[in-house]
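# Observations on chain architecture
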Amino acid sequence: MTRLGGYVLVGLIVLVLQGCSEQQAQYNAALRFYYDGEVQEAYRRMLPLAQAGMPDAQFHVGLEVLKASVSGRADAQQGYRWMRLAAEKGHLGARYLLADQAAKGVRMAGNPAYALEEFGRLAEEGLVPAQWRMVVMLEADPGRWPELRRWLQAAAEQGHKAAQTRLIQAYAAGELGFPVDAARATYWRDRQKGGAFR
């Protein structure tokens with residue numbers, strides 16, 4: 001590579017990085033409006049970023065469109081479209097929201113099978129609320145209790161209070177395929193009282 005070619009390459013890299021940081025700065029400014037309660041101004045600033053493909057902006061735009069659709073001021077389908085775009089780029093919030101809505105039967109978000117699959121992927125990535133949702137969704141299927149026990153244990157270990165409570169109940173009563181184990185129930189009860197990271 002010639003010296004000139006090297007300078008051109010470095011210049012292109014700097015331009016790309018500068019564009020990313022400029023886009024992030026615009027997003028941060030829009031987010032400040034959002035947190036200050038100026039939602040319309042935040043939306044106005046985020047929409048071009050969402051259109052440019054920024055997943056965080058797509059998530060926030062989708063969320064605002066979905067909120068407006070509840071009052072009839074917007075089209076929910078458009079909100080879910082933004083959520084899907086963000087989810088396709090791996091945005092955790094968008095993925096969780098779509099799975100949540102699909103689990104609740106919102107057809108525009110997906111179907112219950114999609115919800116279970118996506119919650120499973122999110123649980124594998126360590127998202128504690130998704131681990132708990134896997135527990136809730138699998139509890140009615142004894143054939144999947146080994147998987148349920150894995151997610152219940154993982155969520156409880158990370159301090160999820162409802163998971164800890166369910167684990168205490170399961171050990172105390174021998175539910176969900178857990179053995180009756182008063183010592184383990186007491187351990188989890190003590191740990192729950194002591195906080196998430198004891």
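Further up the page is the structure itself.
Structural notes, computed from the coordinates. Throughout, residues of each chain are indexed from 1 in the direction in which the sequence is written. Local features are withheld for residues below a pLDDT of 70 in this predicted model, meaning they are given only at 70 or higher, and side-chain atom pairs are given and counted only at 80 or more; totals for whole chains, interfaces and linings count all residues. With hydrogens and water excluded, all non-hydrogen atoms of the structure serve as input to the side-chain values.

## Remarks on the packing of helix H8 (residues 145-157) against helix H9 (residues 161-173)
Where helices are involved, their axes are fitted lines through C-alpha atoms of the stretch in contact, as for all axes, and angles between N-to-C directions lie from 0 to 180°. To qualify as a helix, a DSSP run of H or I must reach at least 4 residues; to qualify as a strand, a run of E must reach at least 2; elements of each kind are numbered from the N terminus. Contact geometry of H8 with H9 gives a least axis separation of 8 Å together with a crossing angle of 125°. With respect to their mutual orientation, H8 and H9 come out oblique. The handedness of the crossing between H8 and H9 is left-handed. Across from Leu152, Gln153, Ala155 and Ala156 in H8, the residues of H9 making contact are Ala163, Gln164, Arg166, Leu167 and Tyr171. The residue classification treats Ala, Val, Leu, Ile, Met, Phe, Trp, Tyr, Cys and Pro as nonpolar and Asp, Glu, Lys and Arg as charged. All others, Gly included, are polar. Residues of the contact of H8 with H9, tallied by class, amount to six nonpolar, two polar and one charged. Roughly parallel means an angle under 35 degrees; roughly antiparallel means over 145; roughly perpendicular covers 65 to 115; every other angle is labelled oblique. Helix crossings fall into two classes, left-handed where the near helix is turned counterclockwise from the far one by less than a right angle and right-handed where it is turned clockwise. Note on definitions: a residue-residue contact is assigned when non-hydrogen atoms from the two residues lie within 4.5 Å.

## Concerning helix H10 (residues 182-194)
Spanning 13 residues, H10 covers 18 Å between terminal C-alpha atoms, matching the ideal 18 Å at 1.5 Å per step. Packed against the buried residues of H10 are H8 and H9. Each polar contact in these results corresponds to two N or O atoms within 3.5 Å; when the atoms are within protein, one needs to be able to donate a hydrogen and the other to accept it, and residues that are neighboring in sequence are counted only if both atoms are side-chain atoms. With a side-chain oxygen lying 3.2 Å from the backbone nitrogen of Ala183, the N-terminal cap of H10 falls on Asp181. In this analysis, the expected span of each helix is defined as 1.5 Å times one less than the number of residues it contains.

## So, the packing of helix H6 (residues 112-124) against helix H7 (residues 128-138)
Running from N to C, H6 and H7 point in directions that differ by 140°, and their axes come no closer than 8 Å. Classified by the interaxial angle, the pair formed by H6 and H7 is oblique. The handedness of the crossing between H6 and H7 is left-handed. Residues Pro112, Ala115, Leu116, Phe119, Gly120, Leu122 and Ala123 of H6 pack against Ala130, Gln131, Arg133, Met134, Met137 and Leu138 of H7. Residue composition of the contact of H6 with H7, grouped by class: 10 nonpolar, two polar and one charged.

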